[in-house]
Amino acid sequence: MLCSGETYAQVLVAYSARDVDRPFTYQIPPKLAAKIAVGSHVLVPFGRQKVAGDVVGFTTTAPAVRLKSIISLLAETPVFDREQLALARWVADRYCCSLREALRCITPPGLSRRRFANVALTDEGRAAQVADQLARAPRQAQILSLLEAAGGQMDLDNLVRMIWQSVDGKVSRSAVLSALRSMEKKGLVVREAGVGRPGTSQRMQLVVELCGDDQDWDELIATVAERAPRQAEVLRTLTAADAAVPLAQLSSNAVKGLTKKGLVNVVAERVQRLPDEPGLGNADKEALRPTDAQSKMLDRVAKALAAGCHDALLLHGVTASGKTEVYLQAIEAALSYGRSAIVLVPEIALTPQMVGRFRARFGDRLALLHSALGAGERYDEWERIQRGEADIVIGARSAIFAPCRDLGIIVVDEEHERAYKQESAPRYQTTAVAAERARRSDAVLLMGSATPSVEAYFRALSGEGLALMTLPERIESRPLPRVEIIDLRSETLMGKGGTFSQMMLEAIEDRLARSEQVILFLNRRGFATFVMCRECGYTLRCPDCAVSLTYHHASRRMRCHHCDYNISVPDICPNCQGYDIGFHGLGTERVVDQVEREFPAAVVARMDRDTVRYKGAHGEILRAFARGDANILVGTQMIAKGLDLPNVTLVGVLNADVGLYHPDFRAAEHTFQLLTQVAGRAGRADKPGEVLVQTYNPDHYAIVMAQGHDYLGFYQREIAARRENRYPPFAELANLVFSDADGDKAVGTARRAAVCLQEMGVFHKKGDTQFLGPARAPLYKLRGRYRYQMLLKAPDMASLHQTVRGLLEVLGDTGSTQVICDIEPVDMM
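Residues numbered from 1 in each chain as written. Predicted model: local features only at pLDDT ≥ 70, side-chain atom pairs only at ≥ 80, totals over all residues. Heavy atoms only, no water.

**Here's the deal with the overall build of the chain**
Applied cut-off: Helix and strand definitions here come from DSSP, where helices need a minimum of 4 consecutive H or I residues and strands a minimum of 2 consecutive E residues; each element is numbered from the N-terminal end. It only takes one pair of heavy atoms within 4.5 Å for two residues to be counted as in contact. For accessible areas, the Shrake-Rupley method is used with a probe of radius 1.4 Å. Any residue's cover is judged against the shown protein chains and nothing else. Residues scored as charged are limited to Lys and Arg (positive) and Asp and Glu (negative), so that His and the chain ends carry no count. We put the charge of a Lys on NZ, of an Arg on CZ, of an Asp on CG and of a Glu on CD.
Per the secondary structure count, the chain includes 24 helices and 34 strands. Across its three principal directions, the C-alpha atoms of the chain cover 90 × 85 × 65 Å. Counted over contacts in the chain with a minimum sequence separation of 6, partners at least 24 positions apart contribute 74%. Taken as a whole, the chain presents about 37500 Å² of accessible surface, with 48% of it coming from carbon and sulfur. The chain carries 102 positive and 99 negative side-chain charges, and their two centres are separated by 6 Å.

Listed below in structure tokens is the structure:
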């Protein structure tokens, strides 16, 4: 909707300062009056600069100041609409972030533009003699010389960099700026601020097409070939092609000659950058006949879609129970009403298999949105969705903000996954955003999991806006895999490196003999988790993070998994100069090494963050394993869910205790979910599956319940503990983290926050709204900053927001100490 006579535009400028996170009022030039709308991306003057901004509303009331005008449009069409803007405002309100941060979620990828300052010579500056300036002001003379060499103007940053390099860094940026100010006063130079090109835009290419449809091309080509054989070859190529041919594939001189003769045209054509995301194996093109339990669920979805009303369902189905088929048929129902769909997956590793099944069913109606795509691919996919060319979107967290038209259904696969929480601003919980967007769009929300989060299951049982639907059996009544617990306290570890119990080794050998496949799971990457001196006990640690360095055998480097600091392995101990340096702990890289030593004939694949760093690596590894190119797949949690590999009959969990005793109230839940999910990769076809779990804690309830596939038993045990200790779903949480390069400043700000809370009537471990801490964060130092944290508990979200906003307002400017507010925290480290 255009501004339609409204006088002034309210623009949120792309500026990071906290005190400008509000709309500023601008006049609308007459030439833009018919084009400006909510969501218009514009260039506006702001102070002495020109900055990008977005129109977020209109007003007929002018403030009592002199107004500036919008300079121009930076995008031909609005980059968001009123509905998306309302969702962004909701995100900003719920997660206590700025509206500018929330708007980044709903705008196209690559929209941001770098601000720059340009320095240009005036006529007086061009006439000035460098020699005359040199004696009185050598720095100004150098600036004049550089500007003249650059043609009269230069980017300010480049100018400063060149001067800095010319004197080996002996001049500061402030000295250069001081010289420029003097030159401005003399009228020698002017400075202009502006914005550069967007990070990503449409890709265009020149193509060649034939002129005229009534030509006898065979006769014409024969005539041209007598004197210009290359031109004739170009004509043959064009007549044989079904569409215009890129100029880069043809002889440019021949094309020029044909253009002069009026036989061809050269035009610019947009190149569509489509993601290359092949699926895994064969997928059913036709809908399968649903089971009775699936039909019941699909009937409810169909009724909501027919009525055009919102409904929210939690689909609790055991592994391999047909949840994906429910998703497919529910989306097909939404499409039949002319509505669109969003499908969320927690891990990029799950997209190849999901894409394969959806593309087989829906073809090119599919669009992908996730961080492993190139910037150009994400931009083009976003535009395809916005134009309505793709009405099914599959992706990770950010896909929930896709600009779908008439959204009819949102599917959240593996609803319980921690990966749905965004860990940088805005720190939104994707499942909560999905619920809000479905409600606003009168769409169906369908969340599925074999191990639902405790909070979601509680809401479903309580009828709090979520209905519980179940798929209690696997398809065709296939049995769940048998789970054996191996007590490492009494088991003598066998094999080279002592990683595998005797039972594990025998089971792997048996599967290899039967040409079946094995998945080995360890939620820890690297070769050795730490390197320690056996003489003095010194451990190599990251100087910027409070963690030990992990050894990576392929690169022969010690690496920090938080900041990527890395060093070579020392020959002697840096502490005592001893020579007895040893590798300790276990990572996926070391597991692969030990498996290859124990089973030399086996082909082993590995899937963790180190092996999927390059584009498309997820799909390549999984497709190779699905083809049978490898017998054994070793991996971290990215292989623990969603994969449907029929020849996998054995899953080995090498250490079920990783993460079990993390300082996190969800540690037991996370362990239960991981074990249940990874166990579900075995026996998904007609071959029975087996799961072997190695642990030093065989009696822990999370492990015992996972062995029996007993979600309800685990839930009852866990919900009782949550109720007693007032953790979600019985309280709303906010984790406040105070970080600073100076540890004293960090703890000082944290303690001041505690005093402020008590003055506000919020007390330590007392009352409906209370706080815990402040205390050192478990990860005490991260990327050179010391960290303290404080946990707020409140009975509801309104009380939590009131407390958080009140505290941040009272704290005011905290100087160098950064205060991070994480609403609905997942990572407590």
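**Observations regarding the environment of Glu 381**
As a reminder, the rule being used: Buried, partly exposed and exposed residues are distinguished by accessible area as a fraction of the type maximum, computed with a 1.4 Å probe on protein chains only: under 20%, between the cut-offs, and over 50%, respectively.
For Glu 381, the position within the fold is in helix 14 (residues 375-387). A relative accessible area of 2% means that Glu 381 is categorised as buried. Sequence separation between Glu 381 and Cys 576 is 195 residues, and the spatial gap between their C-alpha atoms is 57 Å. Apart from residues no more than four positions distant in its own chain, Glu 381 is found in contact with Leu 274, Pro 275, Leu 366, Ala 367, Leu 368 and Leu 369.

**A look at the packing of helix 16 (residues 454-462) against helix 22 (residues 711-725)**
As a reminder, the rule being used: Helix axes are fitted only over the stretch in contact, all axes being lines through C-alpha atoms; the angle between N-to-C directions runs from 0 to 180 degrees. Roughly parallel here means an angle under 35 degrees, roughly antiparallel means over 145, roughly perpendicular means 65 to 115, and every remaining angle is called oblique. In this classification, the charged set is Asp, Glu, Lys and Arg, the nonpolar set is Ala, Val, Leu, Ile, Met, Phe, Trp, Tyr, Cys and Pro, and all remaining amino acids, among them Gly, are polar.
At a closest axis distance of 11 Å, the pairing of helix 16 and helix 22 adopts a crossing angle of 95 degrees. Judged by the inter-axis angle, helix 16 sits roughly perpendicular to helix 22. Seen from helix 16, the contacting residues are Val 454, Glu 455, Tyr 457, Phe 458 and Leu 461; seen from helix 22, they are Tyr 711, Leu 712, Tyr 715, Glu 718, Ile 719, Arg 722 and Arg 723. Looking at the contact of helix 16 with helix 22 residue by residue, the class counts come to eight nonpolar, no polar and four charged.

**Considering the packing of helix 5 (residues 138-149) against helix 7 (residues 173-185)**
The interhelical angle for the contact between helix 5 and helix 7, taken along N-to-C directions, is 80 degrees, at an axis separation of 9 Å. Here helix 7 runs roughly perpendicular to helix 5, going by the angle between their axes. Where helix 5 approaches helix 7, its residues Arg 139, Gln 140, Ile 143 and Leu 144 are matched on the opposing element by Val 176, Ala 179, Leu 180, Ser 182 and Met 183. Across the contact of helix 5 with helix 7, the residue classes break down as six nonpolar, two polar and one charged.

**Things to note about the packing of aromatic side chains**
Just so we agree on the cut-off: In this analysis, rings of Phe, Tyr and Trp, with Trp reduced to its six-membered ring, are considered paired at centre separations within 6.5 Å, and the interplanar angle assigns stacked below 30 degrees, edge-to-face beyond 60, and tilted for intermediate values.
Taken as a whole and judged by the stated rule, the model has 14 aromatic pairs. Pairing Tyr 780 with Tyr 788 gives two aromatic rings, centres 5.8 Å apart and planes at 90 degrees, and the pair type is edge-to-face. Tyr 788 carries the same exposure label as Tyr 780, and that label is buried. Aromatic rings pair up to connect Tyr 457, Phe 672, Tyr 701, Tyr 711, Phe 714 and Tyr 715 into one cluster.

**Brief notes about the sheet that holds strand 26 (residues 604-607)**
Rules: Pairs of strands are assigned from DSSP output, requiring at least two bridges between the strands.
If you walk across this open sheet you meet the six strands as 19-29-28-20-27-26, and the pairing is parallel. At either end of the open sheet lies a strand with only one pairing partner, and these are strand 19 (482-487) and strand 26. Across the sheet, the mean angle from the axis of one strand to that of its neighbour is 20 degrees, orientation sign disregarded. Sheet strands touched by helix 20 (residues 667-679): strand 20 (517-521), strand 28 (648-653) and strand 29 (690-695). Its angle to strand 28, the strand with the most contacts, is close to 155 degrees.

**Here's the deal with the nonpolar core**
Convention followed: Residues belong to one nonpolar core when they are buried, are Ala, Val, Leu, Ile, Met, Phe, Trp, Tyr or Cys, and are joined through side-chain atoms within 4.5 Å.
Counting 132 residues, the largest nonpolar core has Val 11, Ile 70, Leu 103, Phe 401 and Leu 633 as the members making the most contacts within it. Looking at this core, the element that brings in the most residues is helix 23 (residues 743-759), giving seven residues. Ranked by size, the runner-up nonpolar core spans 34 residues in total, among them Leu 315, Tyr 327, Ile 331 and Leu 446.

**Quick look at the environment of Val 826**
Within the fold, Val 826 resides in the segment after strand 34 (818-823). When its relative accessible area of 7% is taken as the criterion, Val 826 is described as buried. In this structure, the C-alpha to C-alpha distance between Val 826 and Gln 249, residues 577 residues apart in sequence, is 52 Å. Excluding its chain neighbours within four sequence positions, the residues that come into contact with Val 826 are Arg 418, Lys 421, Glu 423, Gln 429, Asp 664 and Arg 666.

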